[in-house]
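A closer look at the structure
Now for the letters of each chain:
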Amino acid sequence: MQQAKASRPKANPHAAPDTGEAEPKARERILQAATRLFCQHGINAVGVDAVVAEAATAKATLYKSFGSKERLVEAVLEREGAAWRDWFLGELLKGEATAQMRLRRIFPVLREWFGDARFFGCPFINAVAEHDKADDRMRQIALAHKKVVLETITRLAAEAGARDPNGAAHQLGVLIDGAIVAAMITKDANVALLAGQTADLLLSGMAAEAA
């Protein structure tokens, strides 16, 4: 889960929020450190020793605060997801615009994210990819995040006149996920524009249905 328009500074939705404190509490430092390390290097590649070293705290503090590395991963994903959704959905919904216009913002907004130096892919996709495929915990966390995003896109599709808003939202969701993975692999932010061209065909058909 970085971006904004030129009128305001860019904010990384996958960076821990600034608490406004010169010295964040140990739990917050651990979350910030884990966020940076997990997103950049991968969950399995980063052990608790690296996290506590980055956070300048003790291993006992990590376990007292989170109980286990898995619970720390879940805490990071929960906050990362909330921050990313606030940013991404906020960009879609801000200002005066039709539902069609809001849906057409999806891929230009993603392109901004892909172009940020701190873009390392989607933490949820990465977490599912790294974990045991027989363990549904990471998958359920990822689906809960995705559900919130798709609910907003479904509502916009309905307002835009789609005959099957849920189906249209899932089609756009597949394009979003594909663009994220492609951008992570290629390091080319412009893959968002390619996905957007396909989305435009879908949205043009939606407009014709509504006419």
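Presented here is an overview of the structure given in this document. Predicted model only: the values in this text are computed from it and were never measured.

**Regarding the overall build of the protein chain**
Tallying secondary structure elements over the protein chain gives 10 helices and zero strands in all. Going through the 211 residues of the protein chain one by one, you find that 45% of them count as buried.

**Re the environment of F124**
Looking at the secondary structure, you find F124 in helix α7 (residues 123-130). Between the C-alpha atom of F124 and that of C39, which follows or precedes it by 85 residues, the distance is 9.9 Å.

**Topic: the packing of aromatic side chains**
If you walk through the whole model with that rule in mind, you get eight aromatic pairs. Centroid distance F114 to F119: 5.0 Å. Interplanar angle 45 degrees. Geometry classified as tilted. The class of F119 is buried, set by a relative accessible area of 9%. Ring pairs connect the aromatic residues W84, W87, F88, W113, F114 and F119, which therefore count as one cluster.

**Quick look at unusual backbone geometry**
At A56, a position not held by glycine, the phi torsion is positive, near 55 degrees. In this fold, A56 is placed in the loop between α2 (48-55) and α3 (59-66).

**Points about the packing of helix α8 (residues 137-159) against helix α9 (residues 165-186)**
Running from N to C, α8 and α9 point in directions that differ by 130 degrees, and their axes come no closer than 8 Å. Considered as vectors, α8 and α9 are oriented oblique to each other. In the crossing of α8 with α9, the sense of the turn from one axis to the other is right-handed. Residues K146, L150, I153, T154, A157 and A158 of α8 lie in contact with α9, whose contacting residues are P165, N166, A168, A169, H170, L172, G173, I176 and D177. Partitioned by chemical class, the residues of the contact of α8 with α9 number nine nonpolar, four polar and two charged.

What counts, and where the lines are drawn
- Residues numbered from 1 in each chain as written.
- Predicted model: local features only at pLDDT ≥ 70, side-chain atom pairs only at ≥ 80, totals over all residues.
- Heavy atoms only, no water.
- Helix = DSSP H or I, 4+ residues; strand = E, 2+ residues; numbered from the N terminus.
- Buried < 20%, exposed > 50% of the residue type's maximum accessible area, 1.4 Å probe, protein only.
- Phe/Tyr/Trp six-rings, centres within 6.5 Å; stacked < 30°, edge-to-face > 60°.
- Axes fitted to C-alpha atoms, helices over the stretch in contact; angles between N-to-C directions.
- Parallel < 35°, antiparallel > 145°, perpendicular 65-115°, else oblique.
- Left-handed = near helix turned anticlockwise from the far one by under 90°.
- Contact = heavy atoms within 4.5 Å.
- Nonpolar A, V, L, I, M, F, W, Y, C, P; charged D, E, K, R; others polar.

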